[in-house]
Structures are given as structure tokens and as C-alpha cells.
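Tertiary structure, described
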Amino acid sequence: MSVCNAGVVLQSSLITVCQISDVPFFPLEFKVVKANCTLFKGRKERLPTKKMSSRLRNSLAQQFKRPHKGLLGWCVLQWFKYKNEMLNKCGPRLCNIKPDHKVLEIGFGPGLGIEHALEYVKDGPGKIYGVEVSTYMLDAASRRLKNPISNDKVHLSLASVIDLPFDTDTFDRVFHCNSYYFWPSLPQSVSELYRVMKPGACMVAVLSLDNIRLAKSRGFLKHGDPDPLKYMFALEASGFEDVKFEYFMEGNFKYQAIFAHVHEKPAYHFDEELEDSDSELAKDEHSEIQQNIQPSNKKPSSSQ
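First, a word on what this report is: a plain description of the structure on this page. (Residues numbered from 1 in each chain as written. Predicted model: local features only at pLDDT ≥ 70, side-chain atom pairs only at ≥ 80, totals over all residues. Heavy atoms only, no water.)

1. Side note on the packing of aromatic side chains
- A complete count under the given rule lists 12 aromatic pairs for this structure.
- An angle of 20 degrees between the planes, with centres 5.3 Å apart, marks the rings of Phe248 and Tyr255 as stacked.
- A residue is classified by how much of its surface remains accessible, and Tyr255, at 1% relative accessible area, is buried.
- A cation over an aromatic ring shows up here: Lys244 above the ring of Phe259, its NZ or CZ 5.7 Å from the ring centre. (Phe/Tyr/Trp six-rings, centres within 6.5 Å; stacked < 30°, edge-to-face > 60°. Buried < 20%, exposed > 50% of the residue type's maximum accessible area, 1.4 Å probe, protein only. Lys NZ or Arg CZ within 6 Å of the ring centre and 35° of its normal.)

2. Considering helix 4 (residues 85-94)
- Among the residues of helix 4, Leu87, Asn88, Cys90, Gly91, Pro92 and Leu94 are the ones counted as buried.
- At the exit of helix 4 stands Asn96, carrying a positive phi of roughly 55 degrees. (Helix = DSSP H or I, 4+ residues; strand = E, 2+ residues; numbered from the N terminus.)

3. Re unusual backbone geometry
- A positive phi angle, close to 65 degrees, is found at Asp152, a residue other than glycine.
- Relative to the assigned elements, Asp152 resides in the loop between helix 7 (146-150) and strand 5 (154-158).
- The phi dihedral of Asp169 falls on the positive side, at around 60 degrees, and the residue is not glycine.
- Tracing the chain through its elements places Asp169 in the loop between strand 5 and strand 6 (171-177).

4. A few points about the nonpolar core
- Core analysis: the largest hydrophobic core is formed by 38 residues, its most contacted members being Leu104, Leu193, Tyr231 and Phe240.
- For this core, the secondary structure elements donating two or more residues are strand 3 (102-106), strand 4 (127-132), strand 6, helix 8 (186-196), strand 7 (197-207), helix 9 (209-217), helix 10 (228-237) and strand 9 (253-261).
- Among all residues touching Leu104, those that are not within four sequence positions of it are Tyr129, Gly130, Val131, Leu164, Phe166, Phe171, Arg173, Val174, Phe175 and Val196.
- If you look at the next biggest cluster of nonpolar residues, it comprises 27 residues, including Phe108, Leu118, Leu158 and Cys202. (Core = buried A, V, L, I, M, F, W, Y, C linked by side-chain atoms within 4.5 Å. Contact = heavy atoms within 4.5 Å.)

5. Things to note about the sheet that holds strand 8 (residues 241-250)
- Read from one edge to the other, the open sheet built from 7 strands follows the order 5-4-3-6-7-9-8, with strand pairing classed as mixed. Pairing within the sheet leaves two strands with one partner each, and these edge strands are strand 5 and strand 8. Adjacent strand axes in the sheet meet at a mean angle of 20 degrees, parallel and antiparallel pairs treated alike.
- The pairing of strand 3 with strand 6 spans 3 bridges and is classified as parallel. Each bridged residue has a counterpart across the sheet, and for Leu104 the counterpart in strand 6 is Val174.
- Here helix 9 sits on the sheet in contact with strand 7, strand 8 and strand 9, set at roughly 105 degrees to strand 9. (Pairing = 2+ DSSP bridges. Axes fitted to C-alpha atoms, helices over the stretch in contact; angles between N-to-C directions.)

6. Considering the pattern of salt bridges
- With the rule as written, the count across this model stands at 11 salt bridges.
- Note that Glu250 and Arg93 form a salt bridge whose closest N and O atoms lie 2.8 Å from each other. One end of the pair, Glu250, is in strand 8; the other, Arg93, is in helix 4, and 157 residues separate them in sequence.
- Taking the shortest distance from any N to any O, the salt bridge between Asp172 and Lys198 comes out at 3.3 Å. In this pair, Asp172 is assigned in strand 6 and Lys198 in strand 7, connecting sequence segments 26 residues apart.
- Judged by its relative accessible area of 14%, Asp172 falls in the buried class. (Salt bridge = Lys/Arg side-chain N within 4 Å of Asp/Glu carboxyl O.)

7. Looking at the pairing of strand 9
- Taken across its 9 residues, strand 9 has 7 buried, putting it largely inside the fold.
- As defined by bridge partners, strand 7 adjoins strand 9 across 6 bridges and the pair is classed as antiparallel. Note on strand 9: the bridge partner recorded for Met203 is Ala260.
- In this sheet, strand 9 lies alongside strand 8 in antiparallel orientation, the contact comprising 8 bridges. Residue pairing for strand 9: Phe248 is matched across the bridge by Tyr255.
- Between strand 8 and strand 9, which follow one another and run antiparallel, lie 2 residues, and Gly251 among them has a positive phi close to 65 degrees.

8. Some words on the packing of helix 8 against helix 10
- Running from N to C, helix 8 and helix 10 point in directions that differ by 50 degrees, and their axes come no closer than 9 Å. The pairing of helix 8 with helix 10 is recorded here as oblique in orientation. You can see that helix 8 and helix 10 cross each other, and the crossing is right-handed. Listed contacts from helix 10 to Leu186, Val190 and Leu193 of helix 8 are Lys230, Tyr231, Ala234 and Leu235. (Parallel < 35°, antiparallel > 145°, perpendicular 65-115°, else oblique. Left-handed = near helix turned anticlockwise from the far one by under 90°.)

In C-alpha cells form, the structure reads like this:
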């Protein structure tokens, strides 16, 4: 493929991603160095609409659930950086993170949320942890957070929310952004969250109902379920208390957050008979994760 043809394909894919987010264009500038010419520049103008094939639409839906390395995965990575920027900033802030807290993010993507959370613990003994099912996102976030990782302030893991590699009662705060939609089993996932959270801990999930409606109308949540009520019911069923849904405004940006707390925590007991319609999907995700990581005989200690 020639440089010019590659540029056309790249531009076409980015137009497609712009359609997903319904924004004018990415604030980016791309250059093909060999051709020494600019293909396109970020600017405040609407790009032409392009009809997407069902095959491309489904491929993008799969990438939104678990991005893989490649052109579409790279486009989705840029979308996450651009469209979720405000949510990634607001999530850690709503958590009320203290300098000595241990904090966990589920589905950290390119690492922006962890980067913001780090600001609250950088002057104390606290640490930020993250789990992600996408090796592509893990690599991207690891590069972005190279320094805090080397300084032992950030710990990233390839793992699923249904099998978190942490001891019981480890975290003071948990947050996630546009993540629970794609969890393979809500009952198993929220039970794991409850297990790793300390008594007195708080969890915050940030989302944008406007963006959810848009993505759903375009078929990009084909592999996810963004229903916040279903998620809140699962949280309450697993032992979380004071589960509530709140509306917020940041400038002109409207977003929402789900709060859930762990108060006096009874002895944890995982119900091995816990089953739901997604149990087989949960097993499949766990199996895929295990194929991508080295076996470990010991989980990180809560005193780490």
C-alpha cells in the first residue's frame, strides 16, 4: 500500500470514529513523514458523513469492548483519550482520594484516570493500582505512566474484574469510567469489587448518558449493556450500601456518577453457586486473560 493510500485509509477510519463520538474532529495533526506532507489537521469543522458497513460497525463494537493493536484499535484509543478526558478527571476527584489511600481503577484504558488519581497520592504513601483486559491498552498506559511505575506509585495488571489479583480488604477507593458496560458478569464482578474493598471504602463509576445513547444508536454497544439501574441493583445485591445516582455539570459537559459504599463489612464469602446468564462469558474472559499472563502463586499483599 502506498503512503497516499495509507493516508486515505487512516483518514477514513478517523472519520468513522468521529461519527461515533459526534464531535467535529480529533484535536490532532498527522503527517506522513516520507511524503513530507500533512494529510489533515485538527480543526473545528464537520467532516463529511460516511456510511459504515455492518462489518466495520461490528469490528468497532468489538474494539470498544477490548481494543487490539491495529488501525481500528489505535483509532479507538484516540477516541478514549479525547472523549473520556473529562470523565477521567472527574472520577478520581469524586472519590475524595487521600494521600495515604490505595486506589484501584477498573479498565484504565490509556491511563488518563490513573494519571489524575496519582495527583492525590503523590505526596503521601498512597498508591494507584489498575486492571485492564486489553494488552494493547496495558502497553499504552505503561508507556504513559513509565515514571510513576518505576517509582512504585502505580501498579498496572492484565486482569479481569471477575478475578482481581488482590487480597481481600485492600482498597480505600475504586473508580471506573465507561467500564461496567462490558463486564461479562455483573454479579461476579461486583462481588469481586466488594471483596477487595476495605470497610469504609467508596466506589465511583462515571459515565455520560448522552454519549451512551449516541453510541447505542450507532450499534457500538452491541457487546455491552450500559443500563445503570441493572448495575446499581447488582451493587446492592452484593452488599454495597448507599448506592446512588447523581447528575453533574463541568462547564458545558454533562455527566453522571454512580456511588456505592462499603460500611461495616461482614466476613467475605464468595458464593460458588452464583450464576447468571453471562457466566459462560465470564469464564471465557478469565481463560483469555490467563493465556496472556505468567502464572503467579501469590497475590499482592494488602500491606504492599
